[in-house]
Amino acid sequence: MAGINAGLNALDKEELILGRSDAYIGVLIDDLVTKGTNEPYRLLTSRAEYRLLLRHDNADLRLTEIGHKIGMIKEERYQKFLVKKAAVEAEKARLKSIIIKPNEQTQELVKENGGTELKDGIRAADLIKRPEMNYSHIRMLAPSETELDSEVTEQVEIQIKYEGYIEKSLQQVERLKKMENKKIPENIDYDAINGLANEARQNLKEVRPLSVAQASRISGVNPADVSILLVYLEQGKIARISHAN
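Scoring rules and cut-offs
- Residues numbered from 1 in each chain as written.
- Predicted model: local features only at pLDDT ≥ 70, side-chain atom pairs only at ≥ 80, totals over all residues.
- Heavy atoms only, no water.
- Helix = DSSP H or I, 4+ residues; strand = E, 2+ residues; numbered from the N terminus.
- Rg over C-alpha atoms; globule rule 2.2 N^0.38 Å.
- Buried < 20%, exposed > 50% of the residue type's maximum accessible area, 1.4 Å probe, protein only.
- Areas by Shrake-Rupley, 256 points an atom, 1.4 Å probe, with all protein chains shown as cover.
- Lys, Arg positive; Asp, Glu negative; His and termini not counted.
- Charge placed at Lys NZ, Arg CZ, Asp CG, Glu CD.
- Contact = heavy atoms within 4.5 Å.
- Core = buried A, V, L, I, M, F, W, Y, C linked by side-chain atoms within 4.5 Å.
- Axes fitted to C-alpha atoms, helices over the stretch in contact; angles between N-to-C directions.
- Left-handed = near helix turned anticlockwise from the far one by under 90°.
- Salt bridge = Lys/Arg side-chain N within 4 Å of Asp/Glu carboxyl O.
- 1 Å grid on protein atoms, 1.4 Å probe; cavity = no way out; pocket = protein on both sides within 12 Å on 5 of 7 lines; lining within 4 Å.
- Points joined across faces, edges and corners; volume = space filled by probe spheres on them.

A.B. asks: Describe the overall build of the chain, listing the residues and the values that go with them.
C.D. replies: Looking only at helices and strands, the chain features twelve helices and two strands. Secondary structure elements of the chain occur, N-terminal to C-terminal, as α-α-α-α-β-α-β-α-α-α-α-α-α-α. The C-alpha radius of gyration computed for the chain amounts to 24 Å, which surpasses the reference 18 Å derived for 245 residues by more than 25%, pointing to a less compact arrangement than a globule. If you line up the chain on its principal axes, its C-alpha atoms span 75 × 50 × 40 Å. Looking at the chain as a whole, 36% of its 245 residues qualify as buried. Total accessible area on the chain stands at roughly 15,600 Å², and carbon and sulfur atoms take up 52% of it. Between the averaged position of the 37 positive side-chain charges in the chain and that of its 39 negative side-chain charges there is a distance of 3 Å.

Set out below in C-alpha cells:
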C-alpha cells in the first residue's frame, strides 16, 4: 500500500485507501492507525466485521477493478477477469430462471444426498441453497450448453448458496459508507466540542480521524461521543450556510 500510494503521489493522482470491507489489509491499516497497539499486532479474521465478504475465493472480484484503475492490472488480465465475471452472472441468471420439476430423477438425487423430497417445482437457484445440494447436483438436473471452469462454478455456488448472508453484509457496508462519507475537517478543534468525554477528546486529538466512522472505532470513543461529534459537525455546516447567505 505504501508503494502504491508513493507511485500515485509521484503521478499527482488521488491516494488509494482500501476500507475494512475491501480487503484484510484495509482492516490491518485501520486498526493500527485508529486503535494503535501495545503488543505485536496479529491480523485475525475475527478482527474483520465483514469477513464473509473478505473471502480468498473472491479476491479478484473485490480488487481487480481497483488494480486496473490505478494501472497495476494489465489489460489482458483485466479482460479475462471481465469474461469470468460475466460468466458468473450469466450462470446465476440461468439458474434463477430454470424450474426443476419433482420428477423421479430429481427425487432420487435429493434422497440420495439426505434431503427431503420436493412437493412442487423449484427454481434451480433455490434448490442449490439446500445444505445437501451443490452445483454439480444442479448441473445434473439442469445441464448447461456452456462449459464453465471450476472458478466460475465455485463463485456461482457460493454467491447463490449464501446470498442472504452476503446481502446482509453488503447492507451493513452501505450503512458504514454513509458514516465514512461524513468527513471530519483536518483543522477541527476537539477542545471546542462541549460534552465530549475527556478520554474521547484526548484520543480523537491523538488519532485525528478522517471520518465519523473512523472516529467511532477509536478506543475510548463511545456512541454518545459520536453523537455529540455528529451534532457539532452538522451545526458547523449550518453555520457556514447561514454565513454564506
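And the narrative resumes.
A.B. asks: Describe in detail the side chain of His 137, supporting the description with residues and values.
C.D. replies: Structurally, His 137 can be placed in helix H7 (residues 135–141). Taking relative accessible area as the criterion, His 137 reaches 11% and is therefore assigned buried. In contact with His 137, other than residues within four places in its own chain, are Leu 109, Asn 113 and Glu 132.

A.B. asks: Help me get a handle on the nonpolar core, residues and values and all.
C.D. replies: Side chains that are nonpolar tend, in soluble globular proteins, to be buried together. Within the largest apolar cluster, 19 residues are counted, with the highest numbers of intra-cluster contacts made by Leu 95, Ile 100, Leu 127, Ile 138 and Val 156. Looking at this core, the elements with two or more residues in it are helix H4 (75–97), helix H5 (104–112), helix H6 (124–127), H7 and helix H8 (150–161). Ile 184, Ile 188, Leu 229 and Leu 233 belong to the second largest nonpolar core, which has 15 residues in total.

A.B. asks: Which residues make up the packing of helix H3 (residues 59–69) against H4, and what values do they have?
C.D. replies: Packed helices, taken two at a time, are described by the angle between their axes plus the distance between the axes. With their axes 11 Å apart at the nearest point, H3 and H4 run at an angle of 145° to one another. The element H3 and its partner H4 pack so that their crossing is left-handed. Taken together, the residues of H4 that come into contact with H3 (itself represented by Asp 60, Leu 61, Thr 64, Glu 65 and His 68) are Glu 75, Tyr 78, Phe 81, Leu 82, Lys 84 and Lys 85.

A.B. asks: Can you lay out the pattern of salt bridges for me, pointing to particular residues and giving the numbers?
C.D. replies: Within the structure shown, the criterion is met by 21 salt bridges. For Glu 117, the salt bridge identified is with Lys 111, shortest N-O distance 3.3 Å. By relative accessible area, Lys 111 is classed as partly exposed at 44%. The residue Lys 129 makes a salt bridge to Glu 163 at a minimum N-O spacing of 2.9 Å. With Lys 129 in the loop between H6 and H7 and Glu 163 in helix H9 (residues 163–180), the pair connects residues that are 34 residues apart, well separated along the chain. The partly exposed category is assigned to Lys 129, whose relative accessible area is 34%. With relative accessibility at 29%, the residue Glu 163 sits in the partly exposed group. When salt bridges with common partners are traced through the structure, they connect Arg 20, Asp 30, Asp 31, Arg 47, Glu 49, Glu 180 and Arg 217 into a single cluster.

A.B. asks: Help me get a handle on the layout of surface pockets, residues and values and all.
C.D. replies: Counted as a void, the largest pocket has a volume near 670 Å³. The wall of the largest pocket is formed by 23 residues, among which Ile 17, Leu 18, Gly 19, Asp 30 and Glu 180 lie closest to the centre. At the level of elements, helix H2 (24–34) and H9 are the ones that each hand at least two residues to the lining of the largest pocket. It is H2 that provides the largest number of residues to the lining of the largest pocket, a total of four residues. Quantified by volume, the second largest pocket comes out at close to 480 Å³. Forming the walls of the second largest pocket are 18 residues, and the residues nearest its centre are Leu 53, Asn 58, Arg 62, Ile 166 and Leu 170. With seven residues, the top contributor of residues to the lining of the second largest pocket is H9.

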